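Remarks on the overall topology
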Amino acid sequence: MGRPELRGWYHSHVKNSAASSSAPAKKAQPMPTPVPMLDLKRQYAPLHQELLAALGAVLETQQFILGEPVAAFEQAAAAQLAVAHAIGCSSGTDALWLALAAAGIGSGEAVLTTPFSFFASVSAILRAGAKPVLADIDPATFNLSPAAVQAVLESQRGAAVRAILPVHLYGQTADCAALLQNAKERKLVLVEDAAQAWGAQSHGVNVGSLGAAAAFSFYPTKNLSAAGDAGMVTTNSDEIAERARMLRQHGMRRRYYHDELGWNTRMDGFQGAILSVKLRHIEAWNAARRQVAARYDALFTAAGLAESSIYPTHGVILPHQVSGTRHVWHQYVIRTARRDKLREFLADRKIGSEIYYPVPLHLQDALKGLGYKQGDFPEAERAAREVLALPIFPELREDEEQTVVAAIADFLS
Ligand SMILES: Cc1ncc(COP(=O)(O)O)c(C=O)c1O
């Protein structure tokens, strides 16, 4: 394998660390430079006055649940996404349940989704009283494969499917155009799991407005994050919005008159206030994430580590970006063959990494009842063995990225 010319950083990191490892044993080793997976304190530092003022304003109003602070965030969020309605709620998990329930998905119906996602993508379907049906992923994007969806829809399991729930995994838009084709042909409802994708787009259209309804999470590690749990449903349908507002408050349209069985999934005033401040910065943060991702790509390529296939052999497969989409890089995820050993190696050097997700949903103990088995979704199963998320956040410095790539180069050399 011919390696392209190595850049200066590679010599200083990889070569020097190789030299130091062959140095006499007594010579003090340099302390590894830690690189955190995520450092929210760097986001907080320049914003803390603004955030404290926003929290103070909530205390002045004493509106701790919904109220003005949440309404203001809902309005600003809807405007930013160019969507008719944004309904704040208490978590991304609740947003998924609310979106499905408000779109009229319930018992006796099936919802088709991916086995390669966070647990809530499937558990929310069960909470809505519906049955999850799974289809495999595209190994290049890790998102639902429209061809696999088509095959499932044509199978026996597909008969009861009333909705498709694509997940925009790692911040990359799922192929909604192809999925909508399926949806239209069969009059299916499309509900987006946009938990990881605030600001992502497909051909200029924002995630959150690609289907009948969408669910966002503002969990603190998300690209748009609250200071606790929070979530949101977005929709262009007046009817779905009205139902979501009713369901998030125990099915009440009129106080203490309960039209349907809803739940308490209201957003806190403090979270609304924090999110209103952060919403003003999310475009810049997403742009910074794109820069971080582009730098990783360049560093891996310069080090000769990038393999241009779907599955890894000796190096790393860099994340694939679908043309026509705007990726927001919630995560930068490589594929590599000796993933678990690499993760240990990075941990020894105090470099953060994470596996999203080590066990596909059809193999989770809690979901045995769905009736799937090992081998049913080979792409999801293989991805679960090979993916590794590297540190990415808007404030991640270039020297930190160099440290990460140099460590991976060391491991693979
Ligand atoms: C894809 C996906 N769906 C749903 C959720 C659930 O969001 P939350 O943790 O806010 O309940 C998450 C977040 O963890 C997620 O990543």
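Above this text sits the structure in question.
Definitions and cut-offs
- For every chain, the first residue of the written sequence is number 1, and numbering continues from 1 onward in sequence order.
- In keeping with the model being predicted, local features are shown solely for residues with a pLDDT of at least 70 and side-chain atom pairs are shown and tallied solely at 80 or more, while totals for entire chains, interfaces and linings include all residues.
- With hydrogens and water stripped out, all remaining heavy atoms of the structure feed into the side-chain values.
- Residues enter a nonpolar core if they are buried and are Ala, Val, Leu, Ile, Met, Phe, Trp, Tyr or Cys, with the set joined through side-chain atoms within 4.5 Å.
- Burial classification: accessible surface area is computed with a 1.4 Å probe over protein chains only, and a residue below 20% of its type maximum counts as buried, one above 50% as exposed, and the rest as partly exposed.
- Numbering of helices and strands runs from the N terminus, with a helix taken as a DSSP run of H or I at least four residues long and a strand as a DSSP run of E at least two residues long.
- By the convention used here, residues are in contact when the closest approach between their heavy atoms is within 4.5 Å.
- Patch building starts from residues that exceed 30% relative accessible area and form no salt bridge, then joins like charges within 9 Å and nonpolar side chains (Val, Leu, Ile, Met, Phe, Trp, Tyr) within 5 Å.
- Using the Shrake-Rupley algorithm and a 1.4 Å probe, accessible areas are obtained, with residue cover drawn only from the displayed protein chains.
- Salt bridges are counted wherever a side-chain nitrogen of Lys or Arg sits within 4 Å of a carboxyl oxygen of Asp or Glu.
- This arc is taken over the directions from the axis of the helix to the C-beta atoms.
- We call a residue near a molecule or strand when any one of its heavy atoms sits within 4 Å of it.
- Polar contacts here mean pairs of N or O atoms no more than 3.5 Å apart (in protein, one a potential hydrogen donor and the other a potential acceptor; neighbouring residues in sequence count only if both atoms are side-chain atoms).
- By the convention adopted, Pro, Cys, Tyr, Trp, Phe, Met, Ile, Leu, Val and Ala count as nonpolar, Lys, Arg, Asp and Glu as charged, and the other residues, Gly among them, as polar.
- Only when DSSP finds a minimum of two bridges between them are two strands counted as paired.
- Only C-alpha atoms enter the line fits that serve as axes; for helices the fit covers just the stretch in contact. Angles between N-to-C directions range over 0 to 180 degrees.

1. Quick look at the nonpolar core
Counting residues in hydrophobic clusters, the biggest one holds 130 residues, and the most contacted among them are Phe218, Phe300 and Ile408. Looking at this core element by element, the count peaks at eight residues for helix H4 (residues 92-102). If sequence neighbours within four positions are ignored, Phe218 has contacts with Phe73, Trp198, Leu224, Ser225, Ala226, Gly228, Ala230, Gly231, Met232, Met267 and Leu275.

2. What about a nonpolar patch on the surface?
On the surface, Leu59, Phe64 and Ile65 cluster together to form a nonpolar patch covering roughly 260 Å² of accessible area. With a relative accessible area of 33%, Phe64 lands in the partly exposed category.

3. A closer look at helix H11 (residues 339-348)
The α-helix advances 3.6 residues per turn, and as a result positions three or four apart in sequence lie on the same side. Of the positions making up H11, those classed as buried are Arg339, Leu342 and Leu346. Viewed end-on, H11 has its buried residues packed into an arc of 60°, placing them on one side of the element. Set apart from the buried face of H11 by more than 90 degrees, the exposed residues are Lys341 and Asp348. In this fold, the buried residues of H11 make contact with strand E15 (332-336), helix H12 (378-386), strand E16 (387-390) and helix H13 (398-412). Trailing H11 by a residue or two, Lys350 shows a phi angle of about 60°, which is positive.

4. Observations regarding the pattern of salt bridges
Tallied over the full model, the rule gives 20 salt bridges. Among the ionic pairs, Arg349 bridges to Asp410, the shortest N-O distance being 2.7 Å. Of the two residues, Arg349 sits in the loop between H11 and H12 while Asp410 sits in helix H13, which places them 61 residues apart along the sequence. Of the residues examined, Arg349 reaches a relative accessible area of 26% and is grouped as partly exposed. The salt bridge involving Lys368 is made with Asp365; its shortest N-O contact spans 3.4 Å. Classification of Lys368 by relative accessible area gives exposed; the value is 59%.

5. Focus on the site of the ligand
Taken together, 16 residues form the shell around the ligand, and within it Gly92, Thr93, Asp193, Ser217 and Lys222 come nearest. The contact in question runs from an oxygen atom of the ligand to an N or O atom on the side chain of Lys222, over 3.0 Å. In isolation the ligand exposes 390 Å². Once the protein is present, 93% of that is buried. Of all the secondary structure elements, the ones that give two or more residues to the shell around the ligand are H4 and helix H5 (120-127). Ranked by the residues each element gives to the shell around the ligand, the list is headed by H4, at three residues. Partitioned by chemical class, the residues of the shell around the ligand number seven nonpolar, seven polar and two charged.

6. Details of the sheet that holds strand E3 (residues 131-134)
If you walk across this open sheet you meet the seven strands as E1-E9-E8-E5-E4-E2-E3, and the pairing is mixed. At either margin of the open sheet sits one strand with a lone partner, and together these are strand E1 (85-89) and E3. Taking the axes of each pair of neighbouring strands and ignoring which way they run, one obtains an average angle of 25° across the sheet. Two elements, strand E2 (residues 110-113) and strand E4 (residues 161-165), share four bridges in a ladder whose sense is parallel. Counterpart to Ala110 in the pairing with E4 is Val161.

Coordinates in, geometry out; function isn't part of it.
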